[in-house]
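Structural features, examined
Okay, here's what each chain looks like letter by letter:
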Amino acid sequence: MYYGYFNGTIAPTDKLAVGITDLGLLRGYGLFDYFLTYNGRPFQWDWYWERFQNSASRMHLPLPLDKDATYSILMNLIERSVEAGAPEDVAFRFVMTGGYAPDSISVVKPNLLILTEEIHPTPLIQYEQGIKVILDEYVREMAEVKSVDYKRVILMAQAIKSAGASDLLFQKGSEISELSRSNFFIIKGDKLITPNRNILHGITRRTVMQLAQTDFEIEERPVLLSELYDAEEAFTTSSTKKVLPITQIGDLTVGDGHAGPKSAFLLERFNELVKNW
């Protein structure tokens, strides 16, 4: 059993409920964040809270709790969930909406939902073989905000499936930004290159760049589609994907078409970090 928090109430997640006049339901107005625990501790908590604050500020939603109070709730939820049979490590999902709107449009008081969830790890075979993505000419609105608007990837689900792919790689005007739920990197020699515009600044992305700084020259800059042709490796990063190789982008084979050693090296470094978190 997993526990959650909703506006001051802590209960099993299947007992929590949001009213039907919530702006998240009526207008799709809300934001979220998602992160994991390792060894019972929230991963990179300071950075996740900073990003959640930024998203809330840009969405003009006042935070109902401060950082310390929220952390206390997280630890309470872990303890209750573990006592109810959940594993030591969980995923946390924050959802904050515009709250209940009597006129169906105005923000009065945001609703804050914090859920503990089962972690769904990426299949091992994807790390061994890499994944395929397909290009999509699209840039997320307010990309720096982790909003609840994921309709693009849902609308494109059939196209992804038909192509035998795992996800979309967004680009606009031949400039690459990100995948639908994760960040993007390419490797050329000792250069680790990642887009810096029209993206959500991922916490795993930030962690990987920190881990890589002694072994790679890191470039955060606009990345063009034409650069894919001579990339040795490509990979994506997120909480659940960690460092996941990309071996095919549309009809283009990346490098030699195999999961590369440099991506594997960075994955190993990441796994070492979280093992001792």
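Up top you'll find the structure we're talking about.
The structure presented is a predicted model; accordingly, all values stated were derived computationally and were not measured.

**Here's the deal with the layout of surface pockets**
Sizing a probe to match a water molecule and rolling it over the atoms shows the empty space that remains. Of the volumes computed, that of the largest pocket is approximately 650 Å³. Around the largest pocket, the lining comprises 32 residues; the ones closest to its centre are Tyr34, Arg181, Ser238, Thr240 and Lys241. Listed by contribution, the elements that provide at least two residues to the lining of the largest pocket are β3 (30-38), α2 (45-58), β9 (175-179), α7 (203-212) and β14 (233-238). Residues that form the lining of the largest pocket fall into these classes: ten nonpolar, 13 polar and nine charged. Computed from the structure, the second largest pocket encloses a volume of approximately 280 Å³. Taken together, 16 residues line the second largest pocket, and the ones lying closest to its centre are Arg140, Glu141, Met142, Ser147 and Asp149. Residue composition of the lining of the second largest pocket, by class: seven nonpolar, four polar and five charged.

**Description of the pairing of strand β6 (residues 111-117)**
Counting buried positions along β6 yields seven of seven residues, so the element is predominantly enclosed. Burial along β6 is two-sided: the residues Asn111, Leu113, Leu115 and Glu117 and Leu112, Ile114 and Thr116 are all buried. Inspection of the sheet shows strand β1 (residues 3-6) paired to β6 by three bridges, in the antiparallel sense. Across the sheet, Gly4 pairs through a bridge with Leu115, a residue of β6. As judged from the seven bridges shared by strand β5 (residues 91-97) and β6, these two strands associate in the antiparallel manner. By the bridge assignment, Val95 is partnered in β6 with Leu113.

**Describing helix α3 (residues 67-83)**
With 17 residues, α3 extends 25 Å between its outermost C-alpha atoms, agreeing within 8% with the 24 Å of an ideal straight helix rising 1.5 Å per residue. Inspection of α3 places Thr70, Ile73, Leu74, Leu77, Ile78 and Ser81 among the buried residues, and these make up the whole buried set. Taken around the axis of α3, the buried residues stretch over an arc of 140°, which confines them to a single face. For α3, the exposed residues set more than 90 degrees away from the buried face come down to Asp68 and Glu83.

**Remarks on the environment of Lys191**
Looking at the element boundaries, Lys191 is found in strand β11 (residues 191-194). Under the relative-accessibility criterion, Lys191 is labelled partly exposed at 32%. C-alpha of Lys191 to C-alpha of Phe216: the two residues are 25 residues apart in sequence and 5.5 Å apart in space. Dropping the residues within four chain positions of it, Lys191 is found in contact with Ile186, Phe216, Glu217 and Glu219.

**Focus: empty space enclosed by the protein**
Overall, the coordinates contain two cavities of 30 Å³ or more when judged by the stated rule. What the largest cavity holds in volume is close to 40 Å³. Every residue lining the largest cavity is listed: Glu232, Glu233, Ala234, Pro245, Ile246, Thr247, Val254, His258, Ala259, Gly260 and Ser263. Elements with a contribution of two residues or more to the lining of the largest cavity: β14 and β15 (242-249). The element best represented in the lining of the largest cavity is β15, accounting for three residues. Taken together, the residues of the lining of the largest cavity sort by class into five nonpolar, four polar and two charged. As for the second largest cavity, its lining consists of Leu36, Tyr38, Phe43, Tyr48, Thr204, Ser239 and Phe270. In terms of residue class, the lining of the second largest cavity is built from five nonpolar, two polar and no charged.

The rules behind each value
- Residues numbered from 1 in each chain as written.
- Predicted model: local features only at pLDDT ≥ 70, side-chain atom pairs only at ≥ 80, totals over all residues.
- Heavy atoms only, no water.
- 1 Å grid on protein atoms, 1.4 Å probe; cavity = no way out; pocket = protein on both sides within 12 Å on 5 of 7 lines; lining within 4 Å.
- Points joined across faces, edges and corners; volume = space filled by probe spheres on them.
- Helix = DSSP H or I, 4+ residues; strand = E, 2+ residues; numbered from the N terminus.
- Nonpolar A, V, L, I, M, F, W, Y, C, P; charged D, E, K, R; others polar.
- Buried < 20%, exposed > 50% of the residue type's maximum accessible area, 1.4 Å probe, protein only.
- Pairing = 2+ DSSP bridges.
- Expected span 1.5 Å × (residues − 1).
- Arc of directions from axis to C-beta.
- Contact = heavy atoms within 4.5 Å.

The values are spatial; any link to function lies outside them.
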